[in-house]
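Single-letter residue listing:
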Amino acid sequence: MSEPTPGPWRVHPGRLRAYISSHAERDGLPSLNVAECDLDAASISAQESLANARLISASPDLLAACEEAYRCLEIIEATDGGLGEQLRSAIAKAKGTP
């Protein structure tokens, strides 16, 4: 399985789309478009699309925070149940693993 595009990711709102790009250099390029959210979609508002773009752009940071929190729980042997299960589930979902 390949790794995701490194962060940080940032949102660049346009007229019709919000672009999410990575500002970590990759293959000699300083920026890379990783996703787009339509701001003119008929099914949701532009504000909701922009909120989705912000959440997508935060995903590398959120994954890193979840992994660090889980490591802290492992140190105190508290990974069973509640928070440990939520973190395990979120990390697996983000990494595409069972």
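Fair warning: this is a prediction, and the values are worked out from it, not measured in the lab.

**Section: the overall build of the protein chain**
Then comes step 1: In terms of helices and strands, the protein chain carries two helices and three strands.
Then comes step 2: Reading the protein chain from its N end, one meets helices and strands in the order β-β-β-α-α.
Then comes step 3: Taking 98 residues into account, the globule formula puts the C-alpha radius of gyration at 13 Å, and the protein chain, at 16 Å, lies well above it.
Then comes step 4: Dimensions of the protein chain, computed from C-alpha atoms along their principal axes, come out at roughly 50 × 35 × 20 Å.
Then comes step 5: Counting across all 98 residues of the protein chain, residues that qualify as buried make up 21%.
Then comes step 6: A sequence separation of at least 24 residues applies to 28% of the contacts in the protein chain between residues at least 6 apart.
Then comes step 7: Total accessible area on the protein chain stands at roughly 6800 Å², and carbon and sulfur atoms take up 55% of it.
Then comes step 8: Positive and negative charge centroids in the protein chain, built from 9 and 14 side chains respectively, lie 6 Å apart.

**Quick word on helix α1 (residues 46-75)**
Then comes step 1: Taking 1.5 Å of rise per residue, 30 residues should cover 44 Å, and α1 covers 43 Å from first to last C-alpha, within 8% of that figure.
Then comes step 2: Along α1, the helix axis deviates most sharply at Ser 59, where the bend reaches about 50°; the proline Pro 60 sits within four residues downstream.
Then comes step 3: Of the residues making up α1, those classed as buried are Ser 49, Ala 53, Ser 57, Leu 63, Glu 67, Tyr 70 and Leu 73.
Then comes step 4: Where α1 is buried, its residues contact β1 (9-13), β2 (17-22), β3 (32-38) and α2 (82-95).

**Description of the nonpolar core**
Then comes step 1: Listed in full, the six residues of the largest apolar core are Trp 9, Ala 18, Ile 20, Cys 37, Leu 39 and Ala 53.
Then comes step 2: In contact with Trp 9, other than residues within four places in its own chain, are Ile 20, Ser 21, Ser 22, Val 34, Ile 56, Ser 57, Ser 59 and Pro 60.
Then comes step 3: Residues Tyr 70, Leu 73, Leu 87 and Ile 91 belong to the second largest nonpolar core, which totals five residues.

**Focus: the state of the cysteines**
Then comes step 1: The full count for this structure, using the stated rule, is zero disulfides.
Then comes step 2: Free of any disulfide, Cys 37 has its nearest cysteine sulfur in Cys 66, 20 Å distant.
Then comes step 3: Cysteine Cys 66 remains unbridged, with the sulfur of Cys 72 as its closest cysteine sulfur at 12 Å.

**What about the sheet that holds β2?**
Then comes step 1: Strand order in the open sheet formed by three strands is β1-β2-β3, with antiparallel pairing between adjacent strands. Two strands bound the open sheet, and with one partner strand each, they are β1 and β3. Across the sheet, the mean angle from the axis of one strand to that of its neighbour is 25°, orientation sign disregarded.
Then comes step 2: With six bridges connecting them, β2 and β3 associate as antiparallel partners.

Rules behind the numbers
- Residues numbered from 1 in each chain as written.
- Predicted model: local features only at pLDDT ≥ 70, side-chain atom pairs only at ≥ 80, totals over all residues.
- Heavy atoms only, no water.
- Helix = DSSP H or I, 4+ residues; strand = E, 2+ residues; numbered from the N terminus.
- Rg over C-alpha atoms; globule rule 2.2 N^0.38 Å.
- Buried < 20%, exposed > 50% of the residue type's maximum accessible area, 1.4 Å probe, protein only.
- Contact = heavy atoms within 4.5 Å.
- Areas by Shrake-Rupley, 256 points an atom, 1.4 Å probe, with all protein chains shown as cover.
- Lys, Arg positive; Asp, Glu negative; His and termini not counted.
- Charge placed at Lys NZ, Arg CZ, Asp CG, Glu CD.
- Expected span 1.5 Å × (residues − 1).
- Bend = angle between axes of the 7 residues up to and from the residue.
- Core = buried A, V, L, I, M, F, W, Y, C linked by side-chain atoms within 4.5 Å.
- Disulfide = S-S within 2.5 Å.
- Pairing = 2+ DSSP bridges.
- Axes fitted to C-alpha atoms, helices over the stretch in contact; angles between N-to-C directions.

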